[in-house]
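Residue-level structure breakdown
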There are 4 protein chains.
Amino acid sequence: MSSTSILLVSCPDRKGLVAAIANFLLSYNANILHADQHQDAETGTFLMRVEWDGSQFDLPPEAFEAAFTPVASEFNMSWKLSHSGIKPRMAIFVSRYDHCLADLLYRYQAGELHCEIPIIISNHADTRWLAEAYRIPFQHIPVHRDSKQEAEATQLAILRRHHVDFIVLARYMQVLSADFIRHYPNRIINIHHSFLPAFHGARPYHRAYERGVKLIGATSHYVTEVLDDGPIIEQDVVRISHRDDLDDLIRRGGDLEKIVLSRAVRLHIEHRVLLYANKTVVFD
Amino acid sequence: MSSTSILLVSCPDRKGLVAAIANFLLSYNANILHADQHQDAETGTFLMRVEWDGSQFDLPPEAFEAAFTPVASEFNMSWKLSHSGIKPRMAIFVSRYDHCLADLLYRYQAGELHCEIPIIISNHADTRWLAEAYRIPFQHIPVHRDSKQEAEATQLAILRRHHVDFIVLARYMQVLSADFIRHYPNRIINIHHSFLPAFHGARPYHRAYERGVKLIGATSHYVTEVLDDGPIIEQDVVRISHRDDLDDLIRRGGDLEKIVLSRAVRLHIEHRVLLYANKTVVFD
Amino acid sequence: MSSTSILLVSCPDRKGLVAAIANFLLSYNANILHADQHQDAETGTFLMRVEWDGSQFDLPPEAFEAAFTPVASEFNMSWKLSHSGIKPRMAIFVSRYDHCLADLLYRYQAGELHCEIPIIISNHADTRWLAEAYRIPFQHIPVHRDSKQEAEATQLAILRRHHVDFIVLARYMQVLSADFIRHYPNRIINIHHSFLPAFHGARPYHRAYERGVKLIGATSHYVTEVLDDGPIIEQDVVRISHRDDLDDLIRRGGDLEKIVLSRAVRLHIEHRVLLYANKTVVFD
Amino acid sequence: MSSTSILLVSCPDRKGLVAAIANFLLSYNANILHADQHQDAETGTFLMRVEWDGSQFDLPPEAFEAAFTPVASEFNMSWKLSHSGIKPRMAIFVSRYDHCLADLLYRYQAGELHCEIPIIISNHADTRWLAEAYRIPFQHIPVHRDSKQEAEATQLAILRRHHVDFIVLARYMQVLSADFIRHYPNRIINIHHSFLPAFHGARPYHRAYERGVKLIGATSHYVTEVLDDGPIIEQDVVRISHRDDLDDLIRRGGDLEKIVLSRAVRLHIEHRVLLYANKTVVFD
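Only a predicted model underlies this, so the values are computations on that prediction, with no experimental measurement involved.

1. Re the relation of the copies chain D and chain C
Under the fitted operation, chain D is carried onto chain C by 0.0 Å of movement along the axis and a turn of 180 degrees, and the coordinates agree to an RMSD of 0.0 Å. The transformation relating the two chain copies, once decomposed into turn and shift, fits a two-fold axis. Looking at the rotation axis and the C-alpha trace of chain D, the residue lying nearest is A19 of chain D, at 2.8 Å. A shared interface surface links the copies, since 100% of the contact residues of chain D are contact residues in chain C too.

Below, the structure is given as structure tokens:
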């Protein structure tokens, strides 16, 4: 398929919004492929994702902003334009558990994730072999209690050097500092191994086992300064029984983590996630 | 909430469609509440559902057709306008199994289904008590092999007298004739107790049990002349194990049937189902 | 099917347990229909449910205790014998939301729940019509902040008079006192409208909506003195999206509540739930 | 954990079976870890899986048969003894789609699958890189219409040379001959990319897309001479919508295939699958 353009819009809801956007795109000969919109009645917010065929579009990317600004201003829009031909650059952070990393790398190699992976960063060396099998640069940056600030500075330098657009925490077991997070606002995706908000924080499988729940879950969310509290992108659960011991929970949960994280990453890459009120609208 | 208007449109996909519809609605001061659209690339079909607040709309219902026809003609649209204030009239057909009937009646009484139920028709008298508990007229029309044509004539007369808009077969165990179906094209909703196309036809739970499947399903679809082959509105499944005998399958399947049928009925009542190519687009 | 007997056993795990129970039952000519057991490695607990055909069993119910006590003592067993022919007596407590009540009553009438329902108790009169449709005695006992103790005394008297074995809280919106709960330890079943431990306490759907979760849940558990903290019998979830507003969550959650509560009630009635370490083993 | 022994038994149901097996194991000092049994009322079949700690068991493996035969004969048992310490040898057959292969290899490397993988056989060379990354021998055996018999002879020779116990068809796109299958009865595991029996045979995703189903599925089963008709080990489904085109179905179905196949393989390896009446009992 040829390249497409994607416009994400959010603004106060008002009459005439759809017509204004549709007329603007039509005036430059856009052939709309997909359009999704949502009106949140409670907050009076309008959110839209529209995707069109770039090949016949009369407006060159570099001229878009100037042309669209009058429309955007009239309706007080926040907006973002992306092009499917430009692959976002994703860094992966990982610790010792490697199942999410292996899954992301396989999907990347199989062409399921339309992104570049310029760098994998880990506080351990255990997963280097996987990075090498898929020919992705790997950087081992140990993190100790008293060297965390320094480690984060090194990480940030590497991310900048590789022009990283967003970060995926593929079971990265270190808590990032508020300062680090501010460098990538709503651009760090985490996988938490519980059905949030249940069992936020440490050792969720152990606590799920003790509580005797009948389903375990996994949650992928954007990282904010409050631990495990950021906007949720995707969640799922799987049924367990008394026949599953703690090791079974960890193994079965691992499968969920892979699926949930990879879905969230794909949704982010394809510009399907809009944020408002600390939650997401996902146009899938 | 005040009354809303809903427009369903399907037509060959073409540039300018969204703008044309949005501009038309804006010109009569419509405040759009929800808009969903879908482009089917394979068949080149455009499908849309748009819902707006009726209270500020400047075009009275009786003038809509004349005003909209120029737009519809230009794009070769099939379209249908509905108003949430006008409740569709639903007849329920039932035999002896009463779980789907009980579920629909409870939901109707609880205000979950925005419809009228002027009549329940059954080939048995067993469910009369339920009709009476919910104060819905009940008509017992026995159907025998050699009286089927006559019975259908009686049924059709009753449906006409009650101005019925669509029919729900809530585990009605008689096959309707092609002639009967032609009176209510795409307006008869059936629940089949399997995950179609698996186990179409008779005794699906028995066959599922024999085949040793690990999940059983239920499917709600519009009735066409080919048995169990009409457009699917909704499906779902539930996991079973060897610990479930045939009675368990029937009991657990019954729960699925209720959920799946009631979802399909609600989707139909709220004008969320569009048809093309013997399948459905469901804007839920 | 003829009547069956069910033995529930829990004790410290030890060699020879299965043989001892199997030999005991065989010596009285029991024809075992189902047997399930579980060894919890962490706590060293053995749990078993065994069901046999009562018709050929040589030991009359009144002689069971004397005959089984030597085996039970040797292995330090807690045990309970039940007979499928003796229906447990279930009281239903309800407030204004009636969907769970309607569901339980339908299932009871359809023969899905092998119990008696001698009484429905409510702090409101709204559901009296449902009780009357299914011909179950209904008692309206208003509960106000300063009359709670008195109301509970009245409730307890009614429960005693009706020889109630266990209580189902079918969306009963009053918190029961610790004193009340002590009268029915592990014999009060509640439905909480969230995936516990997430959103325990009040208004879970509102909080789920605000948090932006992608699945909502329902949990059925035994009531203990700590709110929403008792042993979980059954849970399930359903997927939601941004297209679901708060009313949709409540409606879709209501369907879950019905399914989850009725499953838990059936499991309890069929003596399939064993308790240990504030959680349950469910032999389904 | 130390090594365990697993006994699978199936026979006509009869009084005294559980006692006989429990007494036999107790007489040699077995410490039972798990025991599951099932009585199929319809066919009068008794099926059991019992697992015990091998470290304290007084009967050496080579003496088991002689000691157990009297019990087995009395009850006309089919039985099979396995030891968790002896890893079964699994061959993987694959064609061009590599997602199931990559998933199995990752799980094998991560220690999730307690087996050996002595050989991967493919009719294409595309997946050689994956075999090499995980250091598993890879054999490319092209299969053409007129060379199939010869190719199968080569495959069988390789399987024999590697002492293969069972074969996994990880999206192997060739139909195996009846003669080949007879060499590995109930020891060839296939993944079919539909919810069988729906869409058996070729191109299931295309047909699912055309039929407009609302869920797609995957099924893992033992291979028999009748295509896609063998005993089902595991199945699962995932919800789709009109927003999913054929490519989405294939991608989302691929995730299901991986999960379902790997679950089936693990169940087989852990001796949790019993066969009767062309279906399976899975003691999970």
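2. Overview of the packing of helix α1 (residues 17–27) of chain C against helix α2 (residues 61–75) of chain C
Residue and element names in this part refer to chain C. Contact geometry of α1 with α2 gives a least axis separation of 11 Å together with a crossing angle of 170 degrees. It follows that α1 is roughly antiparallel to α2 by the angle criterion. In this structure, the crossing between α1 and α2 has a hand that is right-handed. Across the interface between the two elements, L17, A20 and F24 of α1 pack against F64, A67, F68, V71 and F75 of α2. Of the residues assigned to the contact of α1 with α2, the class counts are 8 nonpolar, no polar and no charged.

3. A word on the domain arrangement of chain A
Residues and elements named next belong to chain A. When the domains of chain A are assigned, the result is domain 1 (4–83) and domain 2 (89–282). Computed over C-alpha atoms only, the centres of domain 1 and domain 2 are separated by 31 Å. Buried area between domain 1 and domain 2, summed over both chains or domains, comes out near 820 Å², and the portion from carbon and sulfur atoms is 65%. By the criterion of area lost to domain 2, the three top residues of domain 1 are L8, L47 and R49, representing 51% of everything that side buries.

4. A look at the pairing of strand β1 (residues 4–12) of chain B
Residues and elements named next belong to chain B. Counting buried residues along β1, 8 of its 9 residues qualify, which places the element largely inside the surrounding structure. In terms of strand pairing, β1 meets strand β4 (residues 78–83) through 6 bridges, oriented antiparallel. Bridge pairing in β4 links I6 to S82.

5. Examining the interface of chain D and chain C
Between chain D and chain C, the contact holds 19 residues from the first and 19 residues from the second. In total, chain D and chain C occlude about 1,600 Å² of area from one another, counting both sides; carbon and sulfur atoms represent 50% of this. When residues of chain D are sorted by the area they lose upon contact with chain C, K15, Q37 and Q39 of chain D head the list and together hold 31% of the total. The interface formed by chain D and chain C holds 0 salt bridges in total.

6. Here we look at the sheet that holds strand β8 (residues 166–169) of chain A
All names here are of chain A. The 7 strands lie next to each other as β7-β6-β5-β8-β9-β10-β11, forming an open sheet whose pairing is mixed. Strands with a single pairing partner mark the edges of an open sheet, and in this sheet they are β7 (138–140) and β11 (232–239). Averaged over all pairs of adjacent strands, the angle between their axes in this sheet comes to 15 degrees, without regard to strand direction. Sheet topology note: the β8/strand β9 (residues 188–192) ladder contains 3 bridges and is parallel. Note on β9: the bridge partner recorded for V168 is I189. On top of the sheet, helix α3 (residues 99–109) reaches β5 (89–94), β6 (116–122), β8 and β9; it is set at about 165 degrees to β6, its chief contact.

7. Let's talk about helix α7 (residues 204–211) of chain C
Residues and elements named next belong to chain C. Regarding α7, the residues found buried are P204, Y205, A208, Y209 and R211. For α7, the angular spread of buried residues about the axis comes to 170 degrees, placing them on one side. Backbone geometry just downstream of α7 places G212 in the positive-phi region, at approximately 75 degrees.

8. Regarding the sheet that holds strand β8 (residues 166–169) of chain B
Residues and elements named next belong to chain B. With mixed pairing, 7 strands are arranged side by side in an open sheet as β7-β6-β5-β8-β9-β10-β11. With partners counted over all chains shown, the strands left at the sheet margins are β7 (138–140) and β11 (232–239), one partner each. Across the sheet, the mean angle from the axis of one strand to that of its neighbour is 15 degrees, orientation sign disregarded. Sheet topology places strand β6 (residues 116–122) next to β7; 3 bridges connect them, and they run parallel. Following the sheet pairing, I120 is matched in β7 by F138. Seen against the sheet, helix α3 (residues 99–109) touches β5 (89–94), β6, β8 and β9 (188–192) and runs at an angle of roughly 165 degrees to β6.

9. What about the environment of I6 of chain D?
All names here are of chain D. Looking at where I6 falls in the secondary structure, it is placed in strand β1 (residues 4–12). Look at I6 and you get buried, because its relative accessible area is 3%. Considering only alpha carbons, one finds I6 and A41, 35 residues apart in sequence, at a separation of 25 Å. Once residues lying within four places of it in the same chain are set aside, the contact partners of I6 are R49, V50, E51, W52, K80, L81, S82, E270 and H271.

10. As for the relation of the copies chain A and chain C
Think of it as a corkscrew move, a rotation about one axis and a shift along it, taking one chain copy to the other. Overlaying chain A on chain C yields an RMSD of 0.0 Å, the required transformation being a rotation through 180 degrees with an accompanying axial translation of 0.0 Å. Both copies present the same face, since 100% of the interface residues in chain A are matched by interface residues at the equivalent positions in chain C.

11. Let's talk about the packing of helix α7 (residues 204–211) of chain B against helix α8 (residues 246–269) of chain B
Residue and element names in this part refer to chain B. Look at α7 against α8: their axes get within 10 Å of each other, and the N-to-C directions meet at 125 degrees. Here α7 lies oblique to α8, going by the angle between them. As α7 packs across α8, the resulting crossing turns out to be right-handed. Contacts between α7 and α8 involve Y205, H206 and Y209 from the first element and L246, L249, I250, G253, G254 and E257 from the second. Taken together, the residues of the contact of α7 with α8 break down into 5 nonpolar, 3 polar and 1 charged.

12. Some details on the pairing of β11 of chain B
Residues and elements named next belong to chain B. Within β11, 7 of the 8 residues are buried, which leaves the element mostly enclosed by the surrounding structure. One ladder, built from 7 bridges, connects strand β10 (residues 215–222) with β11; its direction is antiparallel. Each residue of the ladder has a partner; that of H221, found in β11, is I232.

13. Some points on the interface of chain A and chain C
On the chain C side, the residues contacting the 35 residues of chain A number 35 residues. Looking only at chain A, the three residues that lose the most surface to chain C are R211, K214 and H242 of chain A, adding up to 25% of its buried area. Applying the counting criterion to the chain A and chain C interface returns 6 salt bridges. D229 of chain A is paired through a salt bridge with R211 of chain C; the nearest N and O atoms lie 3.9 Å apart. Put simply, the parts of the chain that give the side of chain A that touches chain C at least two residues each are β2 (31–40), α7 (204–211), β11 and β13 (279–282) of chain A. Looking at the side of chain A that touches chain C residue by residue, the class counts come to 15 nonpolar, 7 polar and 13 charged.

14. Some words on the packing of aromatic side chains
Scanning all chains against the criterion turns up 54 aromatic pairs over all chains. Here a set of aromatic residues connected by ring pairs shows up, and it is made of F24, Y28, W52, F57, F64, F68 and W79 of chain A. Of note, K279 of chain B hangs over the ring of Y209 of chain D, and the distance from its end group to the ring centre comes to 3.7 Å.

Criteria and cut-off values
- Residues numbered from 1 in each chain as written.
- Chains lettered and ligands numbered in written order.
- Predicted model: local features only at pLDDT ≥ 70, side-chain atom pairs only at ≥ 80, totals over all residues.
- Heavy atoms only, no water.
- Least-squares fit on C-alpha atoms with pLDDT ≥ 70 in both.
- Contact = heavy atoms within 4.5 Å.
- Axes fitted to C-alpha atoms, helices over the stretch in contact; angles between N-to-C directions.
- Helix = DSSP H or I, 4+ residues; strand = E, 2+ residues; numbered from the N terminus.
- Parallel < 35°, antiparallel > 145°, perpendicular 65-115°, else oblique.
- Left-handed = near helix turned anticlockwise from the far one by under 90°.
- Nonpolar A, V, L, I, M, F, W, Y, C, P; charged D, E, K, R; others polar.
- Domains from an automatic or database assignment.
- Buried area = accessible area lost by both parts, 1.4 Å probe.
- Buried < 20%, exposed > 50% of the residue type's maximum accessible area, 1.4 Å probe, protein only.
- Pairing = 2+ DSSP bridges.
- Salt bridge = Lys/Arg side-chain N within 4 Å of Asp/Glu carboxyl O.
- Arc of directions from axis to C-beta.
- Phe/Tyr/Trp six-rings, centres within 6.5 Å; stacked < 30°, edge-to-face > 60°.
- Lys NZ or Arg CZ within 6 Å of the ring centre and 35° of its normal.

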